[in-house]
Amino acid sequence: MTAAQHRGPSSAPEATALTRPDHGRTIRLDIEGMRTIAVGSVLVAHAGVPFLAGGFVGVDVFFVLSGFLITGLLAREVSRSGRVSLTTFWARRMKRLLPASATVLLFSAAVAYAFLPITQRKDFGGDIVSAALYVVNWRLADRGVDYLAEDVGQSPVQHYWSLAVEEQFYVVWPILMLVIGLIAARRWRLGAFGVLGVVTLASFAYSVQQTASSPATAYFVSTTRIWELGIGALLALGASQVERLPAVVRAVGGWVGIAMIAYAVLVFDDATTWPGANALVPTVGAALMIASGLRATPGSPQRLLSLPPMVWVGGLSYSIYLWHWPILVAVQAERPDLQLRWVVLAMIASIVPAYLSNRFIENPIRFGTFFKPNGRAIGMGLALTAVGVGVGWGLAVSATAGGVDEATTSASPGAAALLDPSNQDVDWSAIREVGRMRPLATEAVDDRPAFYDDGSGCQVRDGDAVPKPCESGDTSSSRTVVIVGDSKIAQWQPAIAAIGRREGFKVVQFTKSACSWTDVDLDRKNNTDCRAWGRTVLKDVLALDPELVVVSHRQGTALPAGATDRSQETKDAMVGGLVSYWGTLTRAGIPITALLDNPAPTTQPVYECVAQNPKDLPRCAFDRDAGIAASGAPAAREAAAEVPGVSVADLTSTICPDGQRCAAVIGNVLVYRQTTHLTKTFVLSAERQLSAALAAATDGAVGEPLASS
C-alpha cells in the first residue's frame, strides 16, 4: 500500500503518456489504477456488498504491488552503488507511512472512546499500541484463536494488520539485499532472486499448511503472507527478462490478470479458505497486470488503468485504506442496522479525510525540505511512533468502573450470600447499584481460570487435535475425577479442583475451546480437529478408568450426518453425539455427571452492560427461561435421560436465584464475563453449592451436602 518510484518503460511518446514525473519520481499510471482497483475492492467488501464479498483480495493485490515497487527501488540502488543505504530507505518509509498512520491512530482512539464499549478500551488501546509498532497482525492472530475473545468487537485499527506485514518485510528485505549486494557483487541479482525465491516458496508452503490447520492464525501472520510480496519482488528482479516477451503475450496477460482479480472479488467470500492456495488467484493476476505494463504494450489494460479518475484515486489509496475502517466502525457502532446504501456512502465519504490528510499532512512532510535529512525523518518517525503508543496506552487506562470500587474478598461473598438466611428474600436482579464489586466490570475478561494465561496448554486451542491432560486437586491421590468438554466445563475447574483438594481426589482435565465433547460434527471452523480431539479423549478416559467423569458444553445443536450448513443444525443431532460418547463410558462402568450449562445472557454481554450502567443494574438482568433455552443445557438433559448411568447437576438456582430473572451481580460479585461464561470469582464463591450438587448427583460419592459443610 506504499508508494515508490515507478520504473518508466521508455521515453517513447506512447510510453510517456502512461507515466508521469512526480517530485523527482517517474510514476507508472497503470499502477495507480491497480491501486484504485485494490482499495475499491476492499471498501465494497467491508461495506458488505453481497455480490462483491471477495473484495478482501484487494489487500493481496497491494502486497504484490508493494513487493514489486520496493524491490525495484532497492534493486536500482544496488545496481548504482553495490549496496543499500538502510537509513535512507527507512527514512523514506517513515516519511511516507507514519504521518498518515499516526493521524488515523489518533482518530481511531477517538472512535473507540466515543462509540465503542468501555470494557473494550483495554483491548483496543493495546491494538493501537501494536499498530503503532507495526506488530498488530500478530496480536490479532493470537486473538483469532482465543475462543474467549469472541466478545471483542471489530477493532478500529484491525486493518493495520496488512501494513504490519508490509513493514516487517521492509525491515528484513533491505538488510538481505544489502548483504547479498556485498557478498555476491556482480551477481547480486541472481543471488537476490535465489534467496527470495526460496523464501517465497517456503512461505507459500507454510501458508497452505497453516490455512488448512489454523485459518484464524494464518490470515494475519507475516509468515503466511510474505510469499505474496515475494511474487512482486521476484517480478521486479526479473523485469528485464519479462519485458522481452512478445507484446501480445504481455497484453493478453494483463487482461487475464484483471479477469483473475475480478473472479476472486465475485466468487470468493468469507467461507473461502484464506490465504493458502486460493490467494494465488489475485496475486498472480496482479503480477500479470504489472508485467503487462513494464513497457508500452498496445492492446494491454494500461490505458484503462491510466484514466485520470483511476490515477487520482490510486494516489489516495493508502490514505483511503487507513481512513475507511475506523469510519466504518464508528458508523456501525452508532447505527448497527444501517442500510447497505448508507454504509457504502460512508465508505465513499472516507475519500474526504483521505484527501485532506494527503494534501495537508502527508505530502508536506514527505516532499518538504525540512525532513529531507535522514536524521530528521527518522526522528520524526520515532516521535510519531511514540505518540501512537502513548495514545493507545491512554485509551487502555481510560476505562473506569463508573464510581464502583473493587470489593475485597471478605466484602464479596458472591454465591455464598445465597446461603445466608438473612438474604432469603433478596431479589438480586432488582438491586439498582452496588458501591463495591468483584471483579470490576472493566476487568471481567481477565477473571478466568489461570490455565488460559499460564502457557500450560490445558485449554487446547483451535487447530490442535492433541488432548492435553492436566492435573489439579489432590494430585497425589489415587482417586480420579475427570472433567471433559469445552470452556463451559473449564470455567468450573477452579471450584472442582478446590473440592478435590478438600476431599482427596485428583482432577484430570480434558478441555478444548469451542469443542463440545460430542461424537457429531459441529458447525465450527475447528470442527475437524474437534472430532479428532474428542475421539482421542474418549480413549484416554477409558484408559484412566476414573471414579467419575463430569461433562459440560455450550452448544445446543449440531449437524446431522451429511449436513454442512449451519441452518441444518438440530438439537437431536447434538443429543445423539452426546449419547454416543456417554454410552461408551457408562457401558465400561464409568459414571458420568452432566453439569448443565449455565443460562446464556440473551442481550448484550452482561459485563459490558454493567460497565455502562453501574447505577441501573436491573437493565443488565435477563430472562431465566430464555437463557436456559439458549444454552447447552436442554440437549445435555435430554441426552442424560437416554443413557443409564448419567446423572445431572444443575446450578441454575445458584446462578439465577430469583426465579424469573438472572441478576448481573450477586453478593457484590459480577456473575458473567465474556459471552456466556461465569467469572472465576463467582465460580469459586459457588463451591459449596457445586459440591452439594455433585453429591446429590453421585449419591455422595463426590462432593458434600450443604448440611455437612
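Basis of the calculations
- Residues numbered from 1 in each chain as written.
- Predicted model: local features only at pLDDT ≥ 70, side-chain atom pairs only at ≥ 80, totals over all residues.
- Heavy atoms only, no water.
- Buried < 20%, exposed > 50% of the residue type's maximum accessible area, 1.4 Å probe, protein only.
- Helix = DSSP H or I, 4+ residues; strand = E, 2+ residues; numbered from the N terminus.
- Pairing = 2+ DSSP bridges.
- Disulfide = S-S within 2.5 Å.
- Core = buried A, V, L, I, M, F, W, Y, C linked by side-chain atoms within 4.5 Å.
- Contact = heavy atoms within 4.5 Å.
- Salt bridge = Lys/Arg side-chain N within 4 Å of Asp/Glu carboxyl O.
- Phe/Tyr/Trp six-rings, centres within 6.5 Å; stacked < 30°, edge-to-face > 60°.
- Lys NZ or Arg CZ within 6 Å of the ring centre and 35° of its normal.
- Axes fitted to C-alpha atoms, helices over the stretch in contact; angles between N-to-C directions.
- Parallel < 35°, antiparallel > 145°, perpendicular 65-115°, else oblique.
- Left-handed = near helix turned anticlockwise from the far one by under 90°.
- Nonpolar A, V, L, I, M, F, W, Y, C, P; charged D, E, K, R; others polar.
- Patch = residues over 30% accessible without salt bridge, like charges linked within 9 Å, V, L, I, M, F, W, Y side chains within 5 Å.
- Areas by Shrake-Rupley, 256 points an atom, 1.4 Å probe, with all protein chains shown as cover.
- Expected span 1.5 Å × (residues − 1).

**Student:** Looking at this structure, how should I read the pairing of strand β8 (residues 506–512)?
**Tutor:** Within a regular strand, side chains alternate between the sheet's two faces. Where burial is concerned, most of β8 is hidden: seven out of the seven residues are buried. On β8, burial covers both faces: Lys506, Val508, Phe510 and Lys512 on one face and Val507, Gln509 and Thr511 on the other are all buried. Where strand β5 (residues 459–460) meets β8, two bridges bridge the pair, whose relative direction is parallel. Residue pairing in the sheet places valine 460 in a bridge with lysine 512 of β8. Judged from the four bridges that link them, strand β6 (residues 470–473) and β8 form a sheet pairing that is antiparallel. Looking across to β8, one finds that cysteine 470 is bridged to glutamine 509. Note: strand β7 (residues 480–485) against β8, six bridges, orientation parallel. Following the sheet pairing, valine 482 is matched in β8 by valine 508.

**Student:** Any chance you could explain the environment of aspartate 142 here in plain terms?
**Tutor:** Inspection of the secondary structure puts aspartate 142 in helix α6 (residues 136–144). Considered as a pair, aspartate 142 and serine 130 are 12 residues apart in the sequence and their alpha carbons are 13 Å apart.

**Student:** Just to check I follow, could you spell out the state of the cysteines for this structure?
**Tutor:** Two cysteines whose sulfur atoms are joined by a covalent bond form what is called a disulfide. Using the criterion set out here, one finds four disulfides in the structure. One disulfide in the model links cysteine 656 with cysteine 662; its S-S distance is 2.0 Å. Across the S-S bond of cysteine 656 and cysteine 662 the torsion is about 100°, and the bridge reads as right-handed. You'll find cysteine 656 and cysteine 662 in the same group, each marked buried. Cysteines bonded in the protein are numbered consecutively along the chain; their disulfide partners then correspond to 1-2, 3-4, 5-6, 7-8.

**Student:** Looking at this structure, how should I read unusual backbone geometry?
**Tutor:** It is generally the case that most residues other than glycine have a negative phi and that most peptide bonds are trans. The step from tryptophan 274 to proline 275 runs through a cis peptide bond, and the omega angle for that step is 5°. Tracing the backbone through its elements, the reader meets proline 275 in the loop between α12 (247–267) and α13 (280–292). A cis amide bond links arginine 438 to the next residue, proline 439, at an omega of -10°. Summarising the element assignment, proline 439 is placed in the loop between β4 (436–437) and β5.

**Student:** For this particular structure, what's the right way to read the nonpolar core?
**Tutor:** General note: in soluble globular proteins, nonpolar side chains tend to be found buried as a group. Formed by 104 residues in total, the largest nonpolar core has its most connected members in Met34, Phe68, Tyr160, Trp161, Trp173, Met177 and Trp188. Looking at which element gives the most residues to this core, the answer is helix α3 (residues 58–81), with 13 residues. Apart from residues lying up to four places away in sequence, methionine 177 is in contact with Thr71, Leu74, Ala75, Val78, Val84, Trp188 and Ala192. Among the nonpolar cores identified, the runner-up in size contains 52 residues, and Ala417, Val507, Cys662 and Val669 belong to it.

**Student:** What is the right way to look at the pattern of salt bridges in this model?
**Tutor:** Opposite charge on two side chains permits pairing when their charged atoms draw close. Applying the stated criterion across every chain, the model contains 23 salt bridges. In this structure, aspartate 453 and arginine 448 form a salt bridge, with 2.7 Å as the shortest nitrogen-oxygen distance. The exposure class of arginine 448 is buried, given its relative accessible area of 11%. Across the pair glutamate 687 and arginine 502 runs a salt bridge whose closest N-O atoms are separated by 2.2 Å. Here glutamate 687 is found in helix α29 (residues 687–697), whereas its partner arginine 502 is found in helix α21 (residues 493–503), with 185 residues between them in sequence. Here arginine 502 falls in the partly exposed class, since its relative accessible area comes to 41%. Among the ionic contacts, a cluster of salt bridges with common partners joins Asp519, Asp521, Arg531 and Arg535.

**Student:** Looking at this structure, I do not really get the environment of tryptophan 492. What am I missing?
**Tutor:** Relative to the assigned elements, tryptophan 492 resides in the loop between α20 (487–490) and α21. Placed 103 residues apart in sequence, tryptophan 492 and leucine 595 show a C-alpha to C-alpha distance of 9.4 Å. Those residues in contact with tryptophan 492 that lie beyond four places of it in its chain are Leu595, Leu651, Ile655, Leu678, Val683, Ala686 and Leu690.

**Student:** What is the right way to read the packing of aromatic side chains from this model?
**Tutor:** In this description, a pair of aromatic rings is defined by centroid distance and the angle of the planes. The tally for this structure, following the rule as stated, stands at 18 aromatic pairs. Centroid distance phenylalanine 169 to tyrosine 170: 6.1 Å. Interplanar angle 65°. Geometry classified as edge-to-face. In terms of burial, phenylalanine 169 and tyrosine 170 fall into one category: buried. Among the aromatic residues, those joined into a cluster by ring pairs are Phe56, Tyr263, Phe268 and Trp274. Over the face of the ring belonging to phenylalanine 370 we find arginine 376, whose NZ or CZ atom lies 4.3 Å from the ring centre.

**Student:** I'm lost on the packing of helix α8 (residues 188–213) against helix α10 (residues 226–237) in this one. Help?
**Tutor:** The packing of two helices is summarised by the inter-axis angle and the distance between the axes. α10 packs onto α8 with a crossing angle of 155° between their chain directions and a minimal axis gap of 8 Å. Taken together, the axes of α8 and α10 lie roughly antiparallel to each other. Crossing geometry of α8 relative to α10 is assigned as left-handed. Residue-level contacts link Trp188, Arg189, Ala192, Phe193, Leu196, Gly197, Val199, Thr200, Ser203, Phe204 and Ser207 of α8 to Ile226, Trp227, Gly230, Ile231, Ala233, Leu234, Ala236 and Leu237 of α10. Residues belonging to the contact of α8 with α10 are distributed by class as follows: 13 nonpolar, five polar and one charged.

**Student:** Got a minute to help me understand a nonpolar patch on the surface in this structure?
**Tutor:** Judged by side-chain polarity, Val171, Val172, Ile175, Leu176, Val179, Leu182, Ile183, Val195 and Val199 come together as a nonpolar surface patch covering roughly 710 Å² of accessible area. Listing elements by their share of the nonpolar patch, those giving two or more residues are α7 (160–184) and α8. Summarising the element assignment, isoleucine 183 is placed in helix α7. Taking the relative accessible area as the measure of exposure, isoleucine 183 reaches 68% and is therefore exposed.

**Student:** Is there a simple way to think about helix α2 (residues 29–47) in this case?
**Tutor:** The periodicity of an α-helix, 3.6 residues per turn, causes residues three or four places apart in sequence to face the same way. For α2, which comprises 19 residues, the first-to-last C-alpha distance of 27 Å matches the rise-based estimate of 27 Å (1.5 Å per residue) to within 8%. Across the 19 residues that make up α2, a large majority, 15, are buried. Among the residues trailing α2, glycine 48 stands out with phi positive, at a value near 95°.

These values are about where atoms sit, not about what they do.
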